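One letter stands for each residue in the lines below.
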Amino acid sequence: MTSSDSTPSGPPQPALAARVASVGGSPVRDILAVTARPEVVNFAGGLPAPELFDSEGVAAAFQAVLTEAPQRALQYATTEGEPALRAALADRTTARGLATGPDDLLVTTGSQQALSLLATALLEPGDTVLVENPCYLAALQSFGFAGARVVAVPGDEDGLDPAALVELVRRERPKLLYTVPTFQNPTGRTFPADRRAAIAGAAVRHGLWIVEDDPYGELRFEGERVPWIASYEDAYDRAVLLGSFSKVMAPGLRLGWLRAPAALRRACAIAKQAADLHTPTVNQLAAARYLADRDLDAHVARVAAVYRDRRDTMLAGLADALPEGSVWNRPAGGMFLWARLPEGYDTTALLPRVVEHDVAYVPGAPFYADAPDRSTLRLCFVTHTPVEIEEGLRRLGKGLA
């Protein structure tokens, strides 16, 4: 018997914080725990394909850093991040249309930490946050832990509706808008340029922070790149841009960053000091060395080509796998597609039966900040090979029949 199983004695333990009970865990991560068996074709997780990691290049970068500068690599570092990495990130951001210097950036332990730091720096309990509908689930968790009131902005297949955004800003007086405008999680949709310009204009007219999360933007399969909202002139002092190496290098490095105006960036640095002092030095130096020695853009292009084939395989098989009358989108990049089953289907209730067939998806309901559409689901198409995707869709069709 472990200590946690023993019979308690004495006064009861003090209660956990109310925010833990009110927010709860991630249904996505709960599903991953249930479907960890190797025989399961898992369309539920947002897991990059591990066989496509440049393990040789990453290992060489770590070897070089630990051989040439071991004392520095294994030592404490500044909260803001290693200068070499921030300089490389600034160059990449500038090359993509947003003039950025190293001092504009704060390195974070994954972009998820950036969300947590922003919630700490910006939100008081009861503040209002606007989000897309549906929205990235872990963002809803971060804002919930901060005690924020989360309000969904109506939208369509091109993203949130700018007119509805302006109306909600006037009515709700929110502190910030959180958005994933490129290959969004969970829907895979991308905002066109005119929507982005309208959002930037609304921010400056109404005094709104924009938090633009871009973990998937480099995984484009087709079409032209759309500028960041943060690159519009209207948004220059209102926008925070988040980035990550998780989808383009390796999630295990836990390296992300935020670009923000100076005062907010300093506030996030203070919050980070209280959270973890700094992101691991050796990981930062290895990433900087990788960027110096390897061609990350070429690697991402190879990964995106494989992901495009996997998306196409999934799209080709959905008509046979999903009930007649289902609809789905065709994302131009990223990792996810979004499907809606006919009225009367509840994807949460159906999931246990589907898992019995050794396949899994994520029900759409947890991604909604307001009343959910229970007929929706998210499918990740990048983790498995085309042959495995075909088999997974065959199993999915049986489970939904």
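Model, not experiment: these values are computed from the prediction. (Residues numbered from 1 in each chain as written. Predicted model: local features only at pLDDT ≥ 70, side-chain atom pairs only at ≥ 80, totals over all residues. Heavy atoms only, no water.)

In this structure, Pro 134 follows Asn 133 across a cis peptide bond, with omega equal to 0°. Here Pro 134 is to be found in the loop between strand S3 (128-131) and helix H7 (137-145). Between Asn 185 and the following residue, Pro 186, the backbone shows a cis peptide bond with an omega angle of 20°. Structurally, Pro 186 can be placed in the loop between strand S7 (176-179) and helix H9 (193-206). (Helix = DSSP H or I, 4+ residues; strand = E, 2+ residues; numbered from the N terminus.)

One way to put it is that helix H5 (residues 83-95) packs onto helix H11 (residues 281-293) with a least axis distance of 8 Å and a crossing angle of 45°. By the angle class used here, H5 and H11 are oblique. Once H5 is placed against H11, the crossing between them reads as left-handed. Contact residues: H5 offers Ala 84, Leu 85, Ala 88 and Arg 92, while H11 offers Gln 284, Ala 287, Ala 288 and Leu 291. (Axes fitted to C-alpha atoms, helices over the stretch in contact; angles between N-to-C directions. Parallel < 35°, antiparallel > 145°, perpendicular 65-115°, else oblique. Left-handed = near helix turned anticlockwise from the far one by under 90°. Contact = heavy atoms within 4.5 Å.)

Let us look at the sheet that holds strand S10 (residues 256-259). The strand order across the open sheet formed by seven strands is S2-S10-S9-S8-S7-S3-S4, and the pairing between neighbours is mixed. Two strands close off the open sheet at either side, each with one partner strand: strand S2 (105-108) and strand S4 (149-152). The sheet shows a mean angle of 20° between the axes of neighbouring strands, taken without regard to direction. Relative to strand S9 (residues 239-244), strand S8 (residues 209-213) runs parallel, the two being bridged by four bridges. Bridging across to S9, Ile 210 finds its partner in Ala 239. Of the strands in this sheet, S2, S8, S9 and S10 touch helix H10 (residues 262-275), which is tilted by about 25° from S2. (Pairing = 2+ DSSP bridges.)

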